[in-house]
Amino acid sequence: MSDSLHEPWLRGIAFNPGAPSDVLIRLVDSAAGEAGLLMCAGRDLPDGVIDAALNHPDRVIRRALARNRHIAPERLAPLATDPSGIVRGWLAGGIPAHLRPRRVRALPDDILVTVLTARDGGEDGTLTASEVVGELISSQQIPASFHRSMAAHEHPRLREHATWEWQSLTAAQREALLDDPDPAVRKAAQEHSWVLDPQRVEARLPSYGSRGKPFVLGNCALSPALVERCFAEGTVRPLTHNPHIPADAVARLARHPEADIRELAATRPDLGPDLVAELGEDPDENVAMRARLHPLPRTWAEYWAIDRVIRHGPDCTCPITEPIGEPSPDWFAACATSEEPVLRRVAAHFPGLPAELAATLAQDDDEEVRILLACHHPLAPPQLLLDVFVTRPAHRPHLLTLPAFPRTGRAHLNSHPDAAVRALAAADPTLPEPPVKDPDESVRRAAATNPSVTPETLEALLAGSRTAEGAAANPSLPAPRMHALLDHCLNGPATPPTGGHRETTTS
């Protein structure tokens, strides 16, 4: 067999779900090259392999492990105090944005405390402690519950960090931080309290420039003069979701000449009954629908739950994170039985919806309800997950990460025109004859991983340049055969792999 097959074999074995620990440990080494790094970063690993990577002398191995989303983050805790700042930074930064799964993994409290209170960024001096913290904050791995707990934490550095989330704090928490016994905490509280001080907001607004201006106008307390300027300049869109504007500004938004502004204002919790009734009869259908959608009384948490569904279409792949504030479960349950499809979509977005309501929404006439349930609810039926996979390519990467996604029962998709769907079917272990000669390479590769292929076919696939990686990832490949392949790849041609087959062009 040609040396050109080394990389496919190494990659395949690295991701072989049947590979035992002693095989995988051989890949936790720089000699395995990219395959070992991909393995450390990209799959679940037995404890012995995790330990080998955690204690590896090469920081590149530990760095790869730091971004592994398949391993319980508690097991990665030693990396929070790793000698290398690069390793700490990668743990804090999480999965790169372009590879990040939709459901963002929250780090456990002990890792968060370690990173946020560290005095340095590591012995090698590659990053500062502040740079590591910056990576953590941008990664979205800090759960909302931890943000809320920091305001009363015994460690002053964490109370200082709590001031960064000033608007999410209660009035009592803000007051306590402004009067904190630690001078650094008091200083930070004073610095961050500007967002709720209209005069300071107006003074700081120019420094934010055109890109930061919408955030300030949409979230901070605004002076009457600044609100008036927004109306005069036609920049009122951010005001439609700002909870701090006065009642007269809310009324002006509800009666704005532009329908899209009225629509955005129509579900605000601070609209009076008269304005809600007025908007419910609006000549624009979307405005009227929004106003009728959400009867009074309303809360801001309900407003945001509706808004995040309305603003995104059926192919939305935004990160799924722990919300800072959620409406009550009873409100979501009421939404699930509403005649309004939008409210049923909101309910489908809530992972805590009771099983019986989730089962009902899985059969909903509205496709977007079914899509949202498949992507967000842990009890979404496996058949629904498969249906959404077939019809909505945007959600395929996320659906494949869900525990309930069906691993069998795909044979009926074997002739589907979409190669990605055929590849899914090709890996079904109940398939009697995997399509190893499909015209599409991705389907052939998936078929090569199917444990139902015969040993003879598997050997031929191992020798094929286009199927070698899939065959090496086949869980039916015996462990001694894996070791033989690794001997050949890592020790050189003096240890030829056994198998009795010459290289072919099997595809």
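Residues numbered from 1 in each chain as written. Predicted model: local features only at pLDDT ≥ 70, side-chain atom pairs only at ≥ 80, totals over all residues. Heavy atoms only, no water.

Any chance you could explain the overall build of the protein here in plain terms?
Across its full length, the protein carries 30 helices and zero strands. Along the first, second and third principal axes, the C-alpha atoms of the protein reach 85 × 55 × 40 Å. Evaluated residue by residue, the protein yields a buried proportion of 47% over its 507 residues. The long-range fraction of contacts in the protein, counting pairs at least 24 apart against all pairs at least 6 apart in sequence, stands at 54%. (Helix = DSSP H or I, 4+ residues; strand = E, 2+ residues; numbered from the N terminus. Buried < 20%, exposed > 50% of the residue type's maximum accessible area, 1.4 Å probe, protein only. Contact = heavy atoms within 4.5 Å.)

What is the right way to look at the packing of helix 6 (residues 85-93) against helix 8 (residues 129-139) in this model?
The axes of two packed helices give the description: the angle between them and the distance between them. Where helix 6 contacts helix 8, the two axes come as close as 7 Å, and the packing angle between them is 20°. Comparing their axes, helix 8 and helix 6 come out roughly parallel. Crossing handedness for the pair helix 6 and helix 8: right-handed. Contact residues: G85, R88, G89, A92 and G93 in helix 6; V132, E135, L136 and S139 in helix 8. Within the contact of helix 6 with helix 8, the residues separate by chemical class into three nonpolar, four polar and two charged. (Axes fitted to C-alpha atoms, helices over the stretch in contact; angles between N-to-C directions. Parallel < 35°, antiparallel > 145°, perpendicular 65-115°, else oblique. Left-handed = near helix turned anticlockwise from the far one by under 90°. Nonpolar A, V, L, I, M, F, W, Y, C, P; charged D, E, K, R; others polar.)

So what exactly am I meant to see when it comes to the pattern of salt bridges here?
Two side chains bearing opposite charge may form a pair once their charged atoms approach each other closely. Scanning all chains against the criterion turns up 28 salt bridges. Residue D51 pairs with R75 through a salt bridge whose shortest N-O separation is 3.0 Å. Residue D51 is located in helix 4 (residues 47-54), and its partner R75 is located in the loop between helix 5 (59-66) and helix 6; the two are separated by 24 residues in the primary sequence. Within the structure, one salt-bridge network assembled from shared partners comprises E263, R290, D307 and R311. (Salt bridge = Lys/Arg side-chain N within 4 Å of Asp/Glu carboxyl O.)

Just to check I follow, could you spell out unusual backbone geometry for this structure?
Trans is the prevailing form of peptide bonds, just as negative phi is the prevailing case for residues other than glycine. In the segment running from L296 into P297, the intervening peptide bond is cis, with an omega of -5°. Mapping P297 onto the fold places it in the loop between helix 18 (285-293) and helix 19 (300-310). In the Ramachandran plot, Q140 falls in the positive-phi region, its phi being about 65° despite a non-glycine side chain. Summarising the element assignment, Q140 is placed in the loop between helix 8 and helix 9 (144-150).

I'm lost on the packing of aromatic side chains in this one. Help?
What describes a pair of aromatic rings is the distance from one ring centre to the other and the angle between the planes of the rings. Using the criterion set out here, one finds six aromatic pairs in the structure. Ring centres of W194 and Y208 lie 5.7 Å apart, and the angle between their planes is 35°; this geometry places the pair in the tilted category. Of this pair, W194 sits in the loop between helix 12 (183-192) and helix 13 (198-219) while Y208 sits in helix 13; the two residues are 14 residues apart in sequence, bridging distant segments of the chain. Among the aromatic residues, those joined into a ring-pair cluster are W300, Y303 and W304. The ring of W90 has R63 lying over it, and the distance from NZ or CZ to the ring centre is 4.3 Å. (Phe/Tyr/Trp six-rings, centres within 6.5 Å; stacked < 30°, edge-to-face > 60°. Lys NZ or Arg CZ within 6 Å of the ring centre and 35° of its normal.)

Explanation requested: empty space enclosed by the protein in the structure shown.
The method is simple in principle: a probe with the dimensions of a water molecule rolls over the atoms, and the space it marks as empty is what remains. Tallied over the entire structure, the rule returns three cavities of 30 Å³ or more. Forming the walls of the largest cavity are R69, G93, G94, I95, R100, P101, R103, V104, R105, S139 and Q141. Each residue belonging to the lining of the largest cavity can be placed in one class, and the counts come to three nonpolar, four polar and four charged. Each pocket or cavity is described by its volume, and for the second largest cavity that value is around 50 Å³. If you trace the second largest cavity, you find it lined by A80, R88, V115, A118, D120, G121, A129 and V132. When the residues that make up the lining of the second largest cavity are grouped by side-chain class, the tally is five nonpolar, one polar and two charged. (1 Å grid on protein atoms, 1.4 Å probe; cavity = no way out; pocket = protein on both sides within 12 Å on 5 of 7 lines; lining within 4 Å. Points joined across faces, edges and corners; volume = space filled by probe spheres on them.)

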